[in-house]
Amino acid sequence: MAILLQLACAVLLALVFIARALAQDQKLMDRIIAGARKEGQVKVGLTTRWEEGGKPAAKRIVELFQSRYPFVKVDYERIGGSRERERVLSELAAGRVSHDVAVLSSTQVPVALKANLIERIDWKAFAVHPRHIHQDGGGVFYRSQVYGIAYNRKLVPDSIGEKLTWEDCADPKWKKKVAMDNRPRHLEIFWQPHVWGREKTLTHARALAANQTTFERSRSDGMTKLSLGEYPIFCGATYSTYKELVTYREARHLGYTLPEPVPVPQGDVVFVPRGAAHPNAGTLWIVWSLTEEGQKILDAVEFSGSPFIPGTELQKLLKGKKAVWYEPQYAAKAEEILKEIIEAIGLPIVR
Amino acid sequence: MTERRSAGTLVFFALVVGILLWLILIPLGQMFLNSFRTGHPVAPGPFTFKNYTTAYTNPLTYRMILNTVAFAGAGTAITVGIAVLFAWLLERTNLPLRNLCWSLLLVPMAMPGLLFSIAYVFLFAPQSGVVNVFLRAALESLGFSISEGPINIYSLGGMIFLDGIRGVTTVFLIIAGAFRMTDPAFEEASWAAGAHNWTTVRRITLPVLKPALLAATIYEFTSSMESFEAPLVVGLPAGVYVYSTMIYVSTREPIANYGLGAAFGGSYFLLAVAFAYLYQRAVLLQSERFATVTGKAYRPRVMELGPWRYPALALFFIYFLIAVALPLAVLIWTSLLRFYEPPSWEALSKMTLDNYRLIFRERGVLTAAWNTLIVTVFTATATVALSFSVSWLVVRTKVKGRFALDALTFASHAVPGVVVALSFILVYLQPPFRYLGLYGTVWIVSLALITQYLAFGTRATNAAITQIHRELEEAGEVSGAGKVRVLWQITYPLIRPAFVSAWIWVAAHAVRSFSIPLLLASRENRTLSVMLWYFWDEEGNKAAAAALGVLLILLLTFFTFSGRVLIARGFSQR
């Protein structure tokens, strides 16, 4: 009886804590919403395109946000890949704060934090999933990717393409026929001791160089070339880029396979820049974008909703597969790991 | 009165020196400083030699230097070879349709280097390039089956070809005058001694023109060394790095390393200084030792081409086809498709104007057009004004140190565009210049372009002011006019034609400039060429890039030919 009573007390106590925490979260959220209402506007800069192949993309996300928060007018602009983000970082450093929500690559976040360019926000207080929070706490990973192998079905039949493995990317059989991004994030994840480990990853990277792999500077550009048949295989293609080409550009001759382990990289970090004109509205956008509603519309538009939310493309794709993540202790060393890999594949940026 | 005037001159001299230090020496100094620091300029790390050890202990660096020399050397050989042939044919032979050929040679100026490279990707990409598709079909009909190519534009050879063709117009304009002005007495003596046409060209005409050709060759070699577009578009996908792309990649992707970029920039700058020095020597040699234009009245004798007249004319049309018609045609074709595909009956049915609609709907394009206009007008006006100020101080005053001023402006010729842009990034992202708030504006792009074009501007204005005899200004001063009034009412009207042509030269280069606007690009200051690259590279939207390219070519064609009309009017007022 005493045990039951103790258990009941513990449960009651836990419920009180949870209720208080939820009330605090709600209070915090109410404060943010009130602030956003006062600000009335938010300038958002994200990677999603406004339109894809003439069909609305980011436009749909903005419309859904505005139907939920009609008192906040959204001004949207696309910020592209690593070069665009380098530009954003430099602009922020020069004091030109153009957005209330901006995006940087995860390796740029430590620099931005050191230079005090990011508004410090306790994202845990908004009940954001820990896997979506950058290890330095500077921002959140607003979209999720998986890396696999895309192939041109006119050049590689499905019977071969569907069985491609990561090792095949460096197989001499495919010499000069494989392309990759010049920032091979999937190799960064493989580098971790619990996945392939350093030695195997660097050996693979050197084999890629020996195989005369094409290293593309822009994943969009690389995938367009794959679609045109410039090379038959693209290793480390994100599922979202593949699906966008098939859906919006009718590139149905592209195939895609997810060899194991499946890397789930987190690269795009969104944050509220220090000095943003509408910080509450910016915070509101980010918190909303990580809710089930926000992630599901992102999933519908660019197929990159969180794998932790049931029903998203990635959640379905990863079911039964061995997924590997960037663990925080290694993510913190991402730049060093990337430099090692880049050096091994023979690109000119070295330590 | 005289003391007040000389004090005014000294203040003006100090002001001009200050501007030149701000534009040239401070950015270069900052770049050298940053080459000894690790970290991002936003949060710089400690001082170190690491960037130099990284850069110069890596075998890739030496391969890159070899690539740069091979690219610039072979590209220059092609350019100069074609330009000399065309200059000789147009100036010294009885080639038919010479006026038309002259005009055809100017048309490539309306096609920016970036677009030219992009067009050749559509033509010669190993799998999907239009020409390769047709060549494979032709080979297959002959029983030879190949899976890709046969020509691959993504290679060092592709880069050399693009650079070699691109430079022909400029080198032709540099040497055509020398061909026209050469005293024919030497050639006539050769013919009188019984030599044939070819022997005369080989043993008399070309040796006499050696200094002019040497100057043009070194000029073209320096330009090729800093060429950025072809190495970026067709070199990087093939893993072929040259100095300009190495610096760009170091500072942009996939991990920005500005210190390393600055370490590369330092040696690149020194190499460029060496070639600028050689160029200066070659020009001096030309003016002092090879006086081929004399006081005698003469008309260069025209050589008879005989049965070679029409084959020679065909060469011009082939060049025009390669330099303009083919690239323009493929750009128009691509711009009319939603997604690029090689020409076919099936593709014809998919033609649409959607890309042009996208271009006009995209607000960034209109902003870029406005930015391009501001950058062009401001850069051209400020360069010519500053050049005039420097030239006036150098030629018309006796201020101590005026020749150092001249040397400083000429030194800016040796700073490649990518290095100028990198040094400006480093200066304007760090205190104290960060507080000027110039980073990210169109003004920083303009200032960097002024720095690059100042050498040309001062050469043009130096020559123009030297031609005006001092007594004209002295007459004005004796009549009681102040220095400013003399400058405005006597000197300026006399040198206006040189002003106009220098302005147009700078404007024509500014409107097409790419490396400086790209490296200094921000959300607010993108120019049309940067926007074009954005569609091509960042968006991967080849068709939209082609549509914007076609519009840009139309704009530049108008600009090039109205520029020629303006120059003609400017000179006719003389």
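Note that the structure is predicted; figures quoted are calculated from it, not measured. (Residues numbered from 1 in each chain as written. Chains lettered and ligands numbered in written order. Predicted model: local features only at pLDDT ≥ 70, side-chain atom pairs only at ≥ 80, totals over all residues.)

## Re the overall build of chain A
Broken down by element type, chain A carries 14 helices and 14 strands. The C-alpha radius of gyration of chain A comes to 22 Å, within 12% of the 20 Å expected for a compact globule of 351 residues. Principal-axis analysis of the C-alpha atoms gives chain A an extent of 65 × 60 × 40 Å. A total of 351 residues make up chain A; the buried ones form 51% of that total. Expressed as a percentage of contacts within chain A between residues at least 6 apart in sequence, the contacts between residues at least 24 apart total 75%. (Helix = DSSP H or I, 4+ residues; strand = E, 2+ residues; numbered from the N terminus. Rg over C-alpha atoms; globule rule 2.2 N^0.38 Å. Buried ≥ 20, exposed ≤ 12 C-beta atoms within 10 Å, placed from the backbone. Contact = placed C-beta atoms within 7 Å.)

## A short note on the overall build of chain B
Secondary structure summary: chain B contains 26 helices and two strands in total. Since a compact globule built from 574 residues should have a radius of gyration of about 25 Å, the 25 Å found for chain B is in line with a globular shape. Its C-alpha atoms put chain B at 85 × 75 × 50 Å along the principal axes. Within the span of chain B, comprising 574 residues, buried residues form 48% of the whole. Of the contacts formed within chain B by residues at least 6 apart in sequence, a portion of 79% connects residues at least 24 apart.

## Some details on the confidence of the model for chain B
Residue and element names in this part refer to chain B. On average, chain B scores 85 in pLDDT, and the residues at 70 or more come to 94%. Element-level mean pLDDT values for chain B span from 77 in helix H14 (residues 258-289) up to 95 in helix H7 (residues 156-166). Between residues 291-295, whose pLDDT stays under 50, and residues either more than four places distant or in other chains, the model counts seven contacts. This complex was scored by the predictor with a pTM of 0.85 and an ipTM of 0.78. (pLDDT = per-residue confidence, 0-100.)

## Let's talk about unusual backbone geometry
Residue Pro261(A) follows Glu260(A) across a cis peptide bond; omega there is -5°. Here Pro431(B) and Pro432(B) are connected by a cis peptide whose omega angle stands at 5°. Relative to the helices and strands, Pro432(B) is located in the loop between helix H20 (417-428) and helix H21 (442-467). One non-glycine residue, Gln212(A), lies in the positive phi region at around 55°. With respect to the element layout, Gln212(A) can be found in the loop between helix H7 (198-210) and strand S9 (214-216).

## Here's the deal with the sheet that holds strand S5 (residues 102-105) of chain A
Residues and elements named next belong to chain A. Taken together, the three strands give an open sheet; going across it, the order is S5-S13-S6, and neighbouring strands pair in antiparallel fashion. Each having just a single partner strand, S5 and strand S6 (140-141) make up the two edges of the open sheet. Relative to strand S13 (residues 268-271), S6 runs antiparallel, the two sharing two bridges. Bridge assignment links Phe141 to a residue of S13, and that residue is Val269. (Pairing = 2+ DSSP bridges.)

## Observations concerning the sheet that holds S9(A)
Residue and element names in this part refer to chain A. One open sheet holds the five strands; their spatial order is S9-S8-S10-S7-S11, and the pairing between them is mixed. Edge positions in the sheet fall to S9 and strand S11 (254-257), since each has one partner strand and no second. With direction set aside, neighbouring strand axes in the sheet form an average angle of 30°. In this sheet, strand S10 (residues 233-238) lies alongside strand S7 (residues 147-152) in antiparallel orientation, the contact comprising five bridges. Its bridge partner being in S10, Tyr147 is matched across the sheet by Thr238. (Axes fitted to C-alpha atoms, helices over the stretch in contact; angles between N-to-C directions.)

## Quick word on the environment of Leu278(B)
All names here are of chain B. Looking at where Leu278 falls in the secondary structure, it is placed in helix H14. Exposure remark for Leu278: the 16 C-beta atoms within 10 Å place this residue in the partly exposed category. Sequence spacing of Leu278 and Tyr219 is 59 residues, and the spatial spacing of their C-alpha atoms is 9.4 Å.

## Things to note about the packing of helix H5 (residues 113-124) of chain B against helix H6 (residues 130-141) of chain B
Residues and elements named next belong to chain B. At a minimum axis distance of 3 Å, the contact between H5 and H6 shows a crossing angle of 20°. Of the possible angle classes, the one that applies to H5 and H6 is roughly parallel. Listed contacts from H6 to Phe122, Leu123 and Phe124 of H5 are Val130, Val131 and Asn132. Considered class by class, the residues forming the contact of H5 with H6 number five nonpolar, one polar and no charged. (Parallel < 35°, antiparallel > 145°, perpendicular 65-115°, else oblique. Nonpolar A, V, L, I, M, F, W, Y, C, P; charged D, E, K, R; others polar.)

## A few points about the interface of chain A and chain B
With 42 residues of chain A at the interface, the matching set in chain B holds 41 residues. For the side of chain A that touches chain B, the secondary structure elements donating two or more residues are helix H3 (82-93), helix H4 (109-114), S9, helix H8 (219-228) and helix H14 (334-344) of chain A. Looking at the side of chain A that touches chain B element by element, the count peaks at nine residues for H3(A). For the side of chain A that touches chain B, the class distribution of residues is twelve nonpolar, 14 polar and 16 charged.

## Here's the deal with the pairing of strand S1 (residues 37-40) of chain B
Residue and element names in this part refer to chain B. Note: S1 against strand S2 (residues 43-47), three bridges, orientation antiparallel. When the bridges of S2 are listed, His40 appears paired with Ala43. The turn joining S1 and S2, which pair antiparallel and follow one another in sequence, is formed by two residues.

## Regarding the packing of H5(B) against helix H15 (residues 309-335) of chain B
All names here are of chain B. At a minimum axis separation of 9 Å, H5 and H15 run at an interaxial angle of 75°. Of the possible angle classes, the one that applies to H5 and H15 is roughly perpendicular. Side by side, H5 and H15 meet where Leu115, Phe116, Ala119, Tyr120, Phe122 and Leu123 of the first sit next to Leu326, Pro327, Val330, Leu331 and Thr334 of the second. Tallied by class, residues from the contact of H5 with H15 come to ten nonpolar, one polar and no charged.

## Concerning the environment of Arg136(B)
Residues and elements named next belong to chain B. Locating Arg136 in the fold gives a position in helix H6. Taking the number of C-beta atoms within 10 Å as the measure of exposure, Arg136 has 19 and is therefore partly exposed. Sequence separation between Arg136 and Ser147 is eleven residues, and the spatial gap between their C-alpha atoms is 8.1 Å.

## Some details on helix H13 (residues 243-252) of chain B
Among the ten residues in H13(B), ten count as buried, and that is most of the element. Buried residues of H13(B): Tyr243(B), Ser244(B), Thr245(B), Met246(B), Ile247(B), Tyr248(B), Val249(B), Ser250(B), Thr251(B) and Arg252(B), and no others.

## Details of the pairing of strand S1 (residues 41-46) of chain A
Residue and element names in this part refer to chain A. Most of S1 sits inside the fold, with five of its six residues counted as buried. Bridging between S1 and strand S4 (residues 73-78) involves six bridges; their strand directions are parallel. When the sheet's bridge partners are listed, Val44 is paired in S4 with Tyr76.

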